[in-house]
Amino acid sequence: VEVQYLNYEIIADEGWALDDDDLFEKAADGGFDPEDYGRFHVAENESLLEAAESEGYAWPFACRGGACTNCAVAVVEGEMPSPQSHILPQELHDKGIRLSCIVAPETDAKIVYNVKHIPEVHDLLL
Ligand code: FES
């Protein structure tokens with residue numbers, strides 16, 4: 001399956017919002033660095049974080065085991081179920097936040113990485 005990704009820093013720099021309908025269209029037209037915007041394939045048995053790393057990208061992480069939330073991403077489109085136990089508050093999970101170290105997409109997907117520190121996420125993690 002294929003994942004299209006976008007760095008949250010771009011959204012912040014451009015004054016866009018996570019829920020903009022045309023977020024990924026704008027990103028595709030923006031001429032951004034492959035580090036900030038692009039697509040890659042996720043192999044079977046690979047987590048989203050591992051797939052990013054196999055492409056040579058350094059996405060945020062710390063524990064790699066679903067326990068710290070540093071690797072949080074926002075799923076804008078696509079199916080990415082969490083394993084049964086994870087430490088995200090249900091409210092964030094309902095909003096499409098996932099931990100990239102423990103999820104893998106089941107369908108093609110669009111995700112924004114680097115979202116741990118955005119207020120909507122950060123406030124609910126406290
Ligand atoms: Fe800690 Fe993913 S790296 S939850």
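Everything below is about the structure printed above this text.
Residues numbered from 1 in each chain as written. Predicted model: local features only at pLDDT ≥ 70, side-chain atom pairs only at ≥ 80, totals over all residues. Heavy atoms only, no water.

1. Quick word on the pattern of salt bridges
Where charged atoms from two side chains of opposite charge come close, those side chains can pair.
Then comes step 1: Across all of its chains, the model carries five salt bridges by this definition.
Then comes step 2: Among the ionic pairs, arginine 39 bridges to glutamate 2, the shortest N-O distance being 2.9 Å. Taken together, the residues arginine 39 in strand 2 (residues 37–41) and glutamate 2 in strand 1 (residues 2–7) connect sequence positions 37 residues apart.
Then comes step 3: Assessed through its relative accessible area of 24%, glutamate 2 is described here as partly exposed.
Then comes step 4: The partner of lysine 110 in a salt bridge is glutamate 77, and the shortest N-O contact between them spans 3.3 Å. Residue lysine 110 is found in strand 5 (residues 109–113), and its partner glutamate 77 is found in strand 3 (residues 72–77); the two are separated by 33 residues along the sequence.
Then comes step 5: Given a relative accessible area of 45%, glutamate 77 falls into the partly exposed group.
Then comes step 6: The structure contains a network of salt bridges with shared partners spanning Asp20, Asp22 and Lys26. (Salt bridge = Lys/Arg side-chain N within 4 Å of Asp/Glu carboxyl O. Helix = DSSP H or I, 4+ residues; strand = E, 2+ residues; numbered from the N terminus. Buried < 20%, exposed > 50% of the residue type's maximum accessible area, 1.4 Å probe, protein only.)

2. Here's the deal with the side chain of lysine 110
Then comes step 1: The class of lysine 110 is buried, set by a relative accessible area of 17%.
Then comes step 2: Discounting chain neighbours no more than four positions away, the residues touching lysine 110 are Gln4, Phe24, Ala74, Val75, Val76 and Glu77. (Contact = heavy atoms within 4.5 Å.)

3. Section: a negative patch on the surface
Then comes step 1: A cluster of acidic residues, Asp19, Asp21, Glu25, Asp29, Glu120 and Asp123, forms a negative patch on the protein surface.
Then comes step 2: Of all the secondary-structure elements, those providing two or more residues to the negative patch are helix 2 (23–29) and helix 5 (119–125).
Then comes step 3: Residue placement: glutamate 25 occurs in helix 2. (Patch = residues over 30% accessible without salt bridge, like charges linked within 9 Å, V, L, I, M, F, W, Y side chains within 5 Å. Areas by Shrake-Rupley, 256 points an atom, 1.4 Å probe, with all protein chains shown as cover. Lys, Arg positive; Asp, Glu negative; His and termini not counted. Charge placed at Lys NZ, Arg CZ, Asp CG, Glu CD.)

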